[in-house]
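Analysis of the macromolecular model
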Amino acid sequence: MAKGVHRSHRALGAALVVAALASTATACSGASEPDRGAAGPAAGQQAPGQAPEQAAAGALHAYVERVRERRTARVVAARKWGLAKPPLEAPAPPVAKPRITTRKGFETDGEGLPPVFTTVPTKQKVVFLTIDDGAEKDPELLRMMKELRIPYSAFLSDYVVKDDYGYFARMQKSQETGVSLHNHTLNHRYLPGLSYKQQKREICGMQDVIEKRFGKRPPLFRPPYGNYNEDTLRAAKSCGVEAVPLWAAEAFPDHMEWREWDRDLHPGDIVLTHFRGKGDWKGTMPDMIRRVMNVITSKGYAVAKLEDYV
């Protein structure tokens with residue numbers, strides 16, 4: 001009787017290991033990846049006649065192989081695109097998103113308004129890459145980011161994206177987890193110089209454009225130049241904006257600029273850059289990505305998806 005109980009416990013434990021490994025492998029590889037080869041047992045189940053220990057070993061082997069393939073692909077992509085080192089893998093996002101509050105010194109007198117922040121509260125060594133406006137529509141950027149599997153968020157202004165909404169539709173679907181498109185106003189005007197009604201048109205009008213063109217009303221908004229007042233936040237809240245991420249560092253093809261006194265990255269920092277080409281700065285979009293990723297990786301940080309934390 002005791003032996004039967006022990007065998008039952010071992011079988012249950014092995015089954016749980018298989019299920020956990022299968023779940024982890026799915027999370028790491030992306031649920032949309034198609035199966036290869038003949039159909040096998042469902043995740044966490046063993047094949048007919050297969051011992052639980054064998055099933056666990058098989059699941060572990062499959063997981064290790066999948067991780068190895070993904071790492072190898074990232075190494076190859078890093079060489080192709082001229083990075084000094086492959087980007088680091090981001091840790092799993094938190095189960096519960098951190099509570100975001102307005103950064104000290106960035107407050108207005110209003111209460112209950114979307115928080116304004118430059119850094120996400122986290123102890124993980126991750127930063128978040130954001131790209132503003134949409135003026136440059138370089139197809140190489142989409143290929144580079146997809147092959148390197150670097151998450152990023154785009155904050156769009158209609159006056160520069162409306163000549164090619166299709167580019168940003170392709171961007172939105174270019175990665176397994178998607179690229180989120182957010183609000184950077186219709187015309188990129190200096191908002192504190194506008195009335196409440198004018199600001200509302202700039203912000204809420206862009207909410208409408210993104211919803212119509214890309215299927216989702218964005219929860220995040222970044223004011224042009226990082227300038228805002230209480231009317232800005234009130235107008236943003238009125239049309240569904242939940243948070244206002246600014247930035248702690250800004251990336252260019254040839255240098256970085258820093259908000260903080262120590263000129264360094266910190267866990268949860270938001271990094272800003274722009275859709276620009278050689279006509280506007282010293283390089284291309286891929287040049288800028290090489291620069292910023294070499295800095296981020298050399299400092300031991302991974303790029304995580306902002307929407308997983310905010």
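These numbers come from a predicted model, not from an experiment. (Residues numbered from 1 in each chain as written. Predicted model: local features only at pLDDT ≥ 70, side-chain atom pairs only at ≥ 80, totals over all residues. Heavy atoms only, no water.)

So, on to the confidence of the model for the protein chain. Here the protein chain averages 87 in pLDDT, and 83% of its residues register 70 or above. Below a pLDDT of 50 lies the segment residues 1-40, which in the model reaches 32 contacts outside its immediate sequence neighbourhood of four places, other chains included. (pLDDT = per-residue confidence, 0-100. Contact = heavy atoms within 4.5 Å.)

Moving on, we come to the packing of aromatic side chains. A full pass over the atoms with the stated rule returns five aromatic pairs. Ring centres of Phe 168 and Phe 275 lie 5.8 Å apart, and the angle between their planes is 85 degrees; on these two criteria the pair is classed as edge-to-face. Here Phe 168, found in helix H5 (residues 165-172), pairs with Phe 275, found in the loop between strand S8 (270-274) and helix H8 (285-298); they are 107 residues apart in sequence, far enough to count as distant. When sorted by exposure, Phe 168 lands in the same class as Phe 275, which is buried. (Phe/Tyr/Trp six-rings, centres within 6.5 Å; stacked < 30°, edge-to-face > 60°. Helix = DSSP H or I, 4+ residues; strand = E, 2+ residues; numbered from the N terminus. Buried < 20%, exposed > 50% of the residue type's maximum accessible area, 1.4 Å probe, protein only.)

Right, let's talk about the side chain of Glu 307 for a bit. Turning to its location among the elements, Glu 307 is positioned in the segment after strand S9 (302-303). Despite being buried, Glu 307 has no salt bridge partner; Lys 305 is the closest side chain of opposite charge, sitting 4.9 Å away. Here Ser 153 takes part through its side chain, which lies 2.7 Å from a polar atom of the side chain of Glu 307. Among all residues touching Glu 307, those that are not within four sequence positions of it are Lys 97, Ser 153, Ser 180, His 182 and Leu 220. (Lys, Arg positive; Asp, Glu negative; His and termini not counted. Salt bridge = Lys/Arg side-chain N within 4 Å of Asp/Glu carboxyl O. Polar contact = N/O pair within 3.5 Å; in protein donor to acceptor, adjacent residues only side chain to side chain.)

Moving on to H8. The end-to-end C-alpha distance of H8, which contains 14 residues, comes to 20 Å, matching closely the 20 Å that a straight helix rising 1.5 Å per residue would cover. For H8, the secondary structure elements touched by its buried residues are strand S2 (126-133), helix H3 (139-148), strand S6 (249-251), strand S7 (256-258), S8 and S9. (Expected span 1.5 Å × (residues − 1).)

To continue, consider the state of the cysteines. Evaluated as defined, the whole model comprises one disulfide. In this model Cys 204 forms its disulfide with Cys 239; the gap between the sulfur atoms is 2.3 Å. As the torsion about the S-S bond is roughly -85 degrees, the Cys 204-Cys 239 disulfide counts as left-handed. Of this pair, Cys 204 sits in helix H6 (residues 196-214) while Cys 239 sits in the loop between helix H7 (230-238) and strand S5 (244-245), and the two are 35 residues apart along the sequence. The exposure classification of Cys 204 matches that of Cys 239, with both residues buried. (Disulfide = S-S within 2.5 Å.)

In this section: the pairing of strand S3 (residues 153-156). Here S3 shows two buried faces, one formed by Ser 153 and Phe 155 and the other by Ala 154 and Leu 156. Two elements, S2 and S3, share four bridges in a ladder whose sense is parallel. From the neighbouring strand, Thr 130 faces S3, where its bridge partner is Ser 153. Bridge count for S3 against strand S4 (residues 180-183) is four bridges, and the pairing is parallel. Note on S4: the bridge partner recorded for Phe 155 is His 182. (Pairing = 2+ DSSP bridges.)

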